[in-house]
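Letter by letter, the chains look like this.
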Amino acid sequence: MNIDAKLKQQVMDELEWESSLNSAGIGVAVKNGIVTLSGRVASYYEKAAAEKAVRRVKGVKAVVEEIETDISSGLERTDEDIASAALRQLKWNTQVPDEDILLKVEDGLITLEGEVDWNYQREEAKRAVQNLTGVRGVFNHIKIKPSAQPKDLKNRIRNSFERNALIDANHVKVEVEDHKVILSGDVQSWAEKKQAERVAWSSPGVTAVENKIEIKVPQGYMD
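Remember, predicted model here, so these are calculated numbers, not experimental data. (Residues numbered from 1 in each chain as written. Predicted model: local features only at pLDDT ≥ 70, side-chain atom pairs only at ≥ 80, totals over all residues. Heavy atoms only, no water.)

Engineer: So what exactly am I meant to see when it comes to the nonpolar core here?
Structural biologist: Grouped burial of nonpolar side chains is what soluble globular proteins tend to show. Among the nonpolar cores identified, the biggest contains 39 residues, and Ile101, Ile110, Leu112, Val129, Phe161, Val181 and Leu183 are the most heavily contacted of them. When residues of this core are traced back to their parent elements, those giving at least two are α3 (79-92), β5 (101-106), β6 (109-116), α4 (119-130), α5 (153-163), β9 (172-177), β10 (180-187) and α6 (190-201). Beyond its immediate stretch of four places on either side in the chain, Val129 contacts Ala86, Leu90, Ile110, Leu112, Val135 and Val138. Counting 18 residues, the second largest nonpolar core, distinct from the first, contains Val11, Val28, Val30 and Val54. (Core = buried A, V, L, I, M, F, W, Y, C linked by side-chain atoms within 4.5 Å. Buried < 20%, exposed > 50% of the residue type's maximum accessible area, 1.4 Å probe, protein only. Helix = DSSP H or I, 4+ residues; strand = E, 2+ residues; numbered from the N terminus. Contact = heavy atoms within 4.5 Å.)

Structure below.
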């Protein structure tokens with residue numbers, strides 16, 4: 001069995017293992033470590049869960065997500081109903097400054113706009129609305145407000161990498177341009193790559209993170 005074939009089987013096994021989705025309607029193709037997901041699922045929640053499950057698999061270098069949401073007639077809601085429910089979710093979530101967020105719904109697709117102080121608030125806003133009944137997708141266009149950043153931001157991020165058990169700091173490079181952090185180097189898994197990105201986003205004053213880290217599977221892992 002070649003590397004891509006073995007990785008495909010592992011991805012399919014992980015999708016089947018994920019209890020929050022029905023993997024029967026999901027197709028998987030793998031080429032050079034790049035996984036393409038296709039097919040249909042019943043909700044945006046399942047779509048997001050499928051992508052998250054694939055990113056957990058060691059050896060996955062990238063994910064191309066082409067899954068469509070096929071909401072049954074019993075779960076369909078009007079855009080007005082979705083908008084009302086989404087606004088309530090944002091208001092109830094104490095981690096989201098809902099007064100700074102604009103929301104638009106069209107054909108079951110939610111678009112989030114506005115500015116917040118921290119990236120976790122941006123991500124939490126998306127999580128708050130993505131699981132609502134009738135939602136077909138979420139476009140998160142919320143921006144981070146520019147703020148003063150520490151002069152030693154690069155060193156702070158590097159020190160945080162060194163403290164983090166999930167990141168091999170020796171293989172990740174950090175550069176800072178104004179309020180933007182650029183990450184490069186190579187790691188052994190998608191999870192490690194995303195962890196490095198999360199650490200960078202958690203630093204004060206950061207408004208953008210460009211993640212150029214490459215995933216290099218240990219030699220012999222797929223043998």
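Engineer: Just to check I follow, could you spell out the packing of α5 against α6 for this structure?
Structural biologist: Two numbers describe a pair of packed helices, the interaxial angle and the distance between the axes. Interhelical geometry of α5 versus α6 gives an angle of 135 degrees and a closest axis separation of 10 Å. Considered as vectors, α5 and α6 are oriented oblique to each other. When you trace α5 past α6, the crossing you get is right-handed. Contact residues: Ile157, Ser160 and Phe161 in α5; Ala196, Val199 and Ala200 in α6. Residues that form the contact of α5 with α6 fall into these classes: five nonpolar, one polar and no charged. (Axes fitted to C-alpha atoms, helices over the stretch in contact; angles between N-to-C directions. Parallel < 35°, antiparallel > 145°, perpendicular 65-115°, else oblique. Left-handed = near helix turned anticlockwise from the far one by under 90°. Nonpolar A, V, L, I, M, F, W, Y, C, P; charged D, E, K, R; others polar.)

Engineer: Looking at this structure, how should I read unusual backbone geometry?
Structural biologist: The phi dihedral of Asn32 is positive, around 55 degrees, even though this residue is not glycine. Relative to the helices and strands, Asn32 resides in the loop between β1 (26-31) and β2 (34-41). A relative accessible area of 56% means that Asn32 is categorised as exposed.

Engineer: Whenever I open this one, helix α1 (residues 3-17) confuses me. Can you help?
Structural biologist: Since the α-helix packs 3.6 residues into each turn, any two residues three or four apart lie on the same face. In a regular helix each residue adds 1.5 Å, so 15 residues correspond to 21 Å; α1 covers 21 Å between its end C-alpha atoms and thus fits that length. Along α1, the positions that sit buried rather than exposed are Asp4, Leu7, Val11 and Leu15. All buried residues of α1 project into a common sector of 75 degrees when viewed along the axis, lining one side. The exposed set on the far side of α1, more than 90 degrees from its buried face, consists of Glu16 and Trp17. If you follow the buried residues of α1, they end up packed against β1, β2 and α2 (44-55). A distance of 3.3 Å separates the backbone nitrogen of Asp4 from a side-chain oxygen at the start of α1, and that oxygen is part of Asn2. (Expected span 1.5 Å × (residues − 1). Arc of directions from axis to C-beta. Polar contact = N/O pair within 3.5 Å; in protein donor to acceptor, adjacent residues only side chain to side chain.)

Engineer: Before we go on, may I ask you to explain the packing of α1 against α2 in this structure?
Structural biologist: For the pair α1 and α2, interaxial distance at closest approach is 9 Å and the crossing angle is 130 degrees. One finds that α1 runs oblique with respect to α2. When the axes of α1 and α2 are compared, the crossing they make is right-handed. From α1, Val11, Glu14 and Leu15 reach across to α2, where they touch Ala50, Ala53 and Val54.

Engineer: Whenever I open this one, the side chain of Glu197 confuses me. Can you help?
Structural biologist: Position of Glu197 relative to the elements: it lies in helix α6. Of the residues examined, Glu197 reaches a relative accessible area of 17% and is grouped as buried. Only 3.0 Å separates the side chain of Glu197 from the side chain of Asn211, close enough to count as a polar contact. In this view, Glu197 contacts Leu183, Val209 and Asn211; residues no more than four positions away in its chain are not counted.

Engineer: Even after reading the chapter, I still don't get the environment of Lys61, so can you show me in this structure?
Structural biologist: Note that Lys61 resides in the loop between α2 and β3 (62-65). Given the relative accessible area of 38%, Lys61 is considered partly exposed. Along the backbone, Lys61 and Gly33 are 28 residues apart, and their C-alpha atoms lie at a distance of 5.2 Å.

Engineer: Before we go on, may I ask you to explain the pairing of strand β7 (residues 137-140) in this structure?
Structural biologist: When β6 meets β7, the two strands line up parallel, connected through four bridges. Directly across from Leu112, in β7, lies its bridge partner Asn140. Where the polypeptide runs from β6 across α4 and back to β7, its parallel neighbour, the crossover connection is right-handed. (Pairing = 2+ DSSP bridges. Right-handed = clockwise from strand over helix to strand, strands pointing away.)

Engineer: What is the right way to read the pairing of β9 from this model?
Structural biologist: The side chains of a regular strand alternate between the sheet's two faces. Sheet topology note: the β9/β10 ladder contains six bridges and is antiparallel. Counterpart to Val172 in the pairing with β10 is Gly185. Hairpin connection between β9 and β10: a loop of two residues separates the two successive antiparallel strands, and Asp178 in this loop has a positive phi of roughly 60 degrees.

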